[in-house]
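Structural overview
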Amino acid sequence: MDISCAFPANSAAVEAAVLAEELGYRRVWIYDSPALYHDVWVTLARIAERTERIGLGPGVLVPHLRHPMTQAAAIATLDELAPGRLAVALGAGFTGRLAMGQPMLSRRQFEGGVRQVMALLQGEVVEVDGAATQMLHSEGFAPPRPIDVPILVNAQGPRGQAFAREVADGITVSFTPVAGFDWCAVLSTGTVLDPGESPTSERAFAATAPSLAVRYHGLAARGQALDGLPGGTEWTASIEAVPEEERHLEIHRGHLVELSEHDRKALKPEEMSPAQLTGTPDQVRERLARLEAGGATELMWQPMGPDIERELRAFAAVVA
């Protein structure tokens, strides 16, 4: 199983990617959520120019945030900047759309958007918004078509997985792998504990707390009750104090980066189950082995907290 890392897009992610290459990580994935982070393509281009070997990719790119031609041109640009290093993962948009008050793409919208981008990269004429479009780039403005970069799609359910088998090179999923794919990249989080350290220590909690809040954000965004979660009642009361027309902004504030004021009211270290890959070195290796046995071929691991360098080095030492 390849060990890769994932980051929200910002300048710190560029520096972290440089270190990740030095430490031997296979690939760096950058999130596409413009209401929360830097632009995904600008960040990836900066990483491409600062590194030489590490794989790169948006994980996951959201169709409809940009015109399909804009997406295809960005892919072509990065493929030219970093030949052979690019992989592109696409998804229906969690915070990428919900944080702007828009629903996630329907399956039909998502599949249509993926097909359009893929066809453009092949050099085909594609109808977009009722008009014929094609990559017209002359020599020196994009690689020759077809532009063959690996394409993965986020596929949590059976229909998405069937679509992936039809058109893509593999899938991305969160936490739980899916067997039967040549490429199954699994997003996960956690921290390697110091000798004698508790999973609920202040350091360990700081290094994983933003990931623990994601479940609260996801349930709230879908209108589901949080009563069964630790502090769920307090979290709900806090978010419901926000005017409804702006509530989606507060639900996702700080997503995967820091705890919002609503998160801090609800999440207490002693009440939370540790993140999936939090444990001693032996425990982390055992959990990685379980992911691989379940079908994972790549780990998309996001380090968090105030000391990203420590997290990257500690995790690299465990999997070395």
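Starting afresh in each chain, residues are numbered from 1 along the sequence in its written order. Local features in a predicted model are, by the rule used here, given only for residues with pLDDT of at least 70; side-chain atom pairs are given and counted only at 80 or more, and totals for whole chains, interfaces and linings are based on all residues. By convention in this description, side-chain values take in all heavy atoms of the structure and omit both hydrogens and water.

Some remarks on the side chain of Ser4
Tracing the backbone through its elements, the reader meets Ser4 in strand E1 (residues 2-7). Pairs of N or O atoms within 3.5 Å make up the polar contacts considered here, provided that, within protein, one atom can donate a hydrogen while the other can accept it, and that residues adjacent in sequence are counted only when both atoms are side-chain atoms. Polar contacts involving the side chain of Ser4 include one to the main-chain amide nitrogen of Arg27, which spans 3.2 Å. Within the structure, the side chain of Ser4 is placed 2.6 Å from the side chain of Glu298, a separation counted as a polar contact. The contacts of Ser4, once residues within four sequence positions are left out, are Tyr25, Arg26, Arg27, Trp29, Glu298, Leu299, Met300 and Trp301. Secondary structure follows DSSP: runs of H or I at least 4 residues long count as helices, runs of E at least 2 residues long count as strands, and numbering of each begins at the N terminus. By definition, residues are in contact when any of their heavy atoms lie within 4.5 Å.

Observations regarding the nonpolar core
Side-chain atoms within 4.5 Å link the members of a nonpolar core, which is a set of buried Ala, Val, Leu, Ile, Met, Phe, Trp, Tyr and Cys residues. Only protein chains enter the accessibility calculation, which uses a 1.4 Å probe; a residue whose area is less than 20% of its type maximum is buried, one above 50% is exposed, and one in between is partly exposed. In terms of nonpolar packing, the biggest core is built from 83 residues, with Tyr25, Val28, Ile30 and Phe315 touching the most fellow members. Judged by nonpolar contacts, the second largest core, of 17 residues, contains Phe205, Leu212, Leu229 and Met272.

What to know about the packing of aromatic side chains
Two rings from Phe, Tyr or Trp (for Trp, the six-membered ring) form a pair when their centres are within 6.5 Å of each other. A pair whose planes differ by under 30 degrees is stacked, one over 60 is edge-to-face, and the rest are tilted. The full count for this structure, using the stated rule, is five aromatic pairs. Here the aromatic rings of Phe110 and Phe163 are separated by 6.2 Å at their centres, their planes lie at 70°, and the arrangement is edge-to-face. Here the residue Phe110 occupies a position in helix H5 (residues 107-121), and Phe163 occupies one in helix H6 (residues 158-167), the gap between them amounting to 53 residues. Look at Phe163 and you get buried, because its relative accessible area is 2%.

Observations regarding the layout of surface pockets
Reported here for the largest pocket is a volume of approximately 1300 Å³. The method works on a 1 Å grid over the protein atoms by themselves. A cavity is a set of points holding a 1.4 Å probe that cannot get out, a pocket is an open set with protein on both sides within 12 Å along at least five of seven lines, and residues with an atom within 4 Å of a point line them. Together, 49 residues line the largest pocket, and Phe94, Ser174, Phe175, Leu187 and Val214 are the ones closest to its centre. For the lining of the largest pocket, the elements supplying multiple residues, two or more each, are helix H4 (95-98), H6, strand E8 (170-174), strand E9 (184-189), helix H8 (209-212), helix H9 (214-221) and strand E10 (298-302). If one sorts the elements of the lining of the largest pocket by residue count, H9 sits on top with five residues. Any residue that is not Ala, Val, Leu, Ile, Met, Phe, Trp, Tyr, Cys, Pro, Asp, Glu, Lys or Arg is counted as polar, Gly included; the first ten are nonpolar and the last four charged. Tallied by class, the residues present in the lining of the largest pocket amount to 23 nonpolar, 20 polar and six charged. Grid points are joined across faces, edges and corners, and a volume is the space filled by probe spheres set on the points. In this model, the second largest pocket occupies a volume close to 330 Å³. Taken together, 21 residues make up the lining of the second largest pocket; nearest its centre are Pro8, Asn10, Leu256, Val257 and Gln302. Among the elements that make up the lining of the second largest pocket, the one with the highest residue count is helix H1 (residues 11-23) (three residues). Grouping the amino acids of the lining of the second largest pocket by side-chain chemistry returns 14 nonpolar, six polar and one charged.

Brief notes about the pattern of salt bridges
Any carboxyl oxygen of Asp or Glu that lies within 4 Å of a side-chain nitrogen of Lys or Arg is treated as forming a salt bridge with it. Counted by the stated rule, this structure contains 18 salt bridges. Two residues, Glu197 and Arg203, come together in a salt bridge whose shortest N-O distance is 2.9 Å. Residue classification places Arg203 among the partly exposed residues on the basis of a relative accessible area of 26%. Note that Asp282 is salt-bridged to Arg285, the shortest N-O span being 2.7 Å. Here the residue Asp282 and the residue Arg285 both occupy positions in helix H13 (residues 281-293), the gap between them amounting to three residues, near one helical turn. Relative accessible area serves as the criterion here: at 37%, Arg285 is assigned to the partly exposed category. Each member of the salt-bridge network shares a partner with another, and the members are Asp194, Glu197, Arg203, Arg310 and Glu311.

Structural notes on the pairing of strand E2 (residues 27-30)
Burial along E2 is two-sided: the residues Arg27 and Trp29 and Val28 and Ile30 are all buried. Of the strand pairs in this sheet, E1 and E2 are connected by three bridges, and their pairing is parallel. Considered in E2, the bridge of Phe7 is made with Ile30. A right-handed crossover is one whose linking path, passing over the helix from the first strand to the second, runs clockwise when the strands point away from the viewer. In this view, the connection linking E1 to its parallel neighbour E2 by way of H1 has right-handed handedness. When DSSP finds two or more bridges between two strands, those strands count as paired. As defined by bridge partners, E2 adjoins strand E3 (residues 55-58) across four bridges and the pair is classed as parallel. Within E3, the residue paired with Arg27 across the bridge is Gly55.

Some thoughts on the sheet that holds E10
Spatially, E3-E2-E1-E10-E9-E8-E7-E4 is the arrangement adopted by the eight strands of the open sheet, whose pairing is parallel. What marks the edges here is a single partner per strand, and that holds for E3 and strand E4 (88-90). Put simply, the sheet's adjacent strands are angled 25° from each other on average, direction ignored. Here four bridges tie E8 to E9, and the two strands are oriented parallel to one another. Of the residues in E9, the one forming a bridge with Ile171 is Cys184. Each axis is a line fitted through C-alpha atoms, taken for helices only over the stretch in contact, and angles between the N-to-C directions span 0 to 180 degrees. Where helix H2 (residues 40-50) meets the sheet, it contacts E2 and E3, and its direction lies at approximately 175° from that of E3.

A closer look at empty space enclosed by the protein
Counting across every chain of the model gives one cavity of 30 Å³ or more. Roughly 60 Å³ of internal volume is contained in the largest cavity. Around the largest cavity, the lining residues are Pro199, Thr200, Phe205, Thr208, Leu212, Pro269, Met272, Ser273, Pro274, Ala275 and Thr278. Grouping the constituent residues of the lining of the largest cavity by class yields seven nonpolar, four polar and no charged.

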